[in-house]
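# Overview (structure and organization)
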Amino acid sequence: MVNKIKEDERKMRHAELRLLQEQINPHFLYNTLDTIVWLIECNETEQATEMVVTLSDFFRLVLSHGQEFISIRMEEQHVRSYLQIQETRYHDIMEYHILIDPELYGYQIPKMTLQPIVENAVFHGLEQKVDGGTVEVSVQKWGDDRMRICVEDDGCGMSKERLEEIRSNLDKKMNTRGIGMSNIYQRLLLFYGEDIYFDIDSKEGKGTKGTIIIPEEIREER
C-alpha cells in the first residue's frame, strides 16, 4: 500500500510537471508562426526560412529526449534560439545580452526555466514600450553551492499595485504576467521544495527584473 501511494504520488507529480510545461509551448508557438506568416507575406522568404530552422532548433532543445533537467549550456542555447526568433520580429526595438558564468555550464536546471521569463520581458516589457529596449539574461554562482538566475529588461515596468498583485498570485498558483511566471515558480517548488528564492521587482517606466536562486548540486551526466 505504501509503495502504491508513493508510485501514485510520483505519477501525479510528473503529470503536473508535464501540464505546466505544456502550458508554455503553445503561447510561444502561436506568436512565432504568426511572425513566419508575416515574413512570407512580406516576401522575406530567406528570413522566414532562417526562422523555421531556428524554431526547429528551439523545439529540439525543448524535447531534450524527455529529460526534465538539462545543462545550463543547453538552456543557454534554448534561450538564444528564442531570442534570435524574437529579434527577427522586433529587430528595430529589441536588443539582448546573455551573460553566463562558464563554470556553471555543467550544472543542470529544469528545462525551460529561463525562456518563459525572457518571453515575459519581451512581450510585457519591450513590446509595450514605444522605443523598445534591452533584455539581459545572467546566470552566476551565488555563495558556495547555489546559482542566481536573473532576467532583466528596461521596458515599461509596472505599478506598485500590479507588482504586489503578481507577487501575491504566485503563491496562489495563478497565472501572472502571462503564463510564464506562476508556471516557473510552481515547477521550481515541485523540484526543489522551499529551497529556492523567487522574486520579481519592477518600477513603472524603468523596467522589470526576475531573480531566481536555486541549488547547484545537480550536475550534467558525463
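Attention here is on the structure that accompanies the text. (Residues numbered from 1 in each chain as written. Predicted model: local features only at pLDDT ≥ 70, side-chain atom pairs only at ≥ 80, totals over all residues. Heavy atoms only, no water.)

### Comments concerning the pattern of salt bridges
Worth spelling out the cut-off: The term salt bridge refers to a pairing of a side-chain nitrogen on Lys or Arg with a carboxyl oxygen on Asp or Glu at a separation within 4 Å. Helical segments are the DSSP runs of H or I of at least four residues, strand segments are the runs of E of at least two, and each set is numbered from the N terminus. Per-residue accessibility, obtained with a 1.4 Å probe over protein chains only, is compared with the maximum for each type, and a residue is labelled buried under 20%, exposed over 50%, and partly exposed between these values.
Scanning all chains against the criterion turns up 7 salt bridges. Close ionic contact of Arg167 with Glu164 constitutes a salt bridge, the shortest N to O distance being 3.2 Å. Placement of the pair is Arg167 and Glu164 together in helix α5 (residues 160-171), with a separation of 3 residues, close to one helical turn. You can call Glu164 partly exposed: its relative accessible area is 48%. As a salt-bridge pair, Asp199 and Arg167 come within 3.4 Å of each other at their nearest N and O atoms. Of the two residues, Asp199 is situated in strand β6 (residues 197-203) and Arg167 in helix α5; the sequence distance between them amounts to 32 residues.

### Quick notes on the side chain of Thr32
The line we're drawing: Throughout, a residue-residue contact means that at least one pair of heavy atoms, one from each residue, lies within 4.5 Å.
Summarising the element assignment, Thr32 is placed in helix α1 (residues 2-41). When neighbours within four sequence positions are excluded, Thr32 is seen to be in contact with Met51, Leu55, Ile85 and Gln86.

### Details of the side chain of Ser202
Stated formally: Pairs of N or O atoms within 3.5 Å make up the polar contacts considered here, provided that, within protein, one atom can donate a hydrogen while the other can accept it, and that residues adjacent in sequence are counted only when both atoms are side-chain atoms.
Tracing the backbone shows Ser202 in strand β6. A distance of 3.0 Å separates a polar atom in the side chain of Ser202 from the backbone oxygen of Gly207. In this structure the side chain of Ser202 is engaged in a polar contact, spanning 2.8 Å, whose partner is the side chain of Thr208. Excluding its chain neighbours within four sequence positions, the residues that come into contact with Ser202 are Gly157, Met158, Leu163, Gly207 and Thr208.

### Overview of unusual backbone geometry
Leave glycine aside and you will find that most residues have negative phi; peptide bonds, for their part, are mostly trans. Here Asn43, not a glycine, exhibits a phi torsion of approximately 60°, which is positive. If you trace the backbone, Asn43 turns up in the loop between α1 and α2 (45-63). Of note in this structure, Met112 is not a glycine but carries a positive phi near 60°. For Met112, the location among the structural elements is in the loop between β3 (108-110) and α4 (115-126). A residue is classified by how much of its surface remains accessible, and Met112, at 2% relative accessible area, is buried.

### Some words on the pairing of strand β7 (residues 207-215)
Stated formally: Whether two strands pair comes down to DSSP finding at least two bridges between them.
A large share of β7 lies buried, amounting to 8 of its 9 residues. Where strand β5 (residues 146-153) and β7 come together, 8 bridges link them in antiparallel fashion. Following the sheet pairing, Cys150 is matched in β7 by Thr211. Bridge count between β6 and β7: 7 bridges; the pairing is antiparallel. Across the sheet, residue Ile200 finds its bridge partner in β7, namely Gly210. In this structure, the hairpin formed by β6 and β7 is closed by a connection of 3 residues, where Gly205 is found at a positive phi of approximately 80°.

### What about α4?
Worth spelling out the cut-off: An expected span of 1.5 Å times one less than the residue number is assigned to each helix.
An ideal rise of 1.5 Å per residue puts 16 Å on 12 residues; α4 measures up with 15 Å between its terminal C-alpha atoms. With respect to burial, α4 is a largely interior element, 11 of its 12 residues being buried. If you check which residues of α4 are buried, you get Gln115, Pro116, Ile117, Val118, Glu119, Asn120, Ala121, Val122, Phe123, Gly125 and Leu126.

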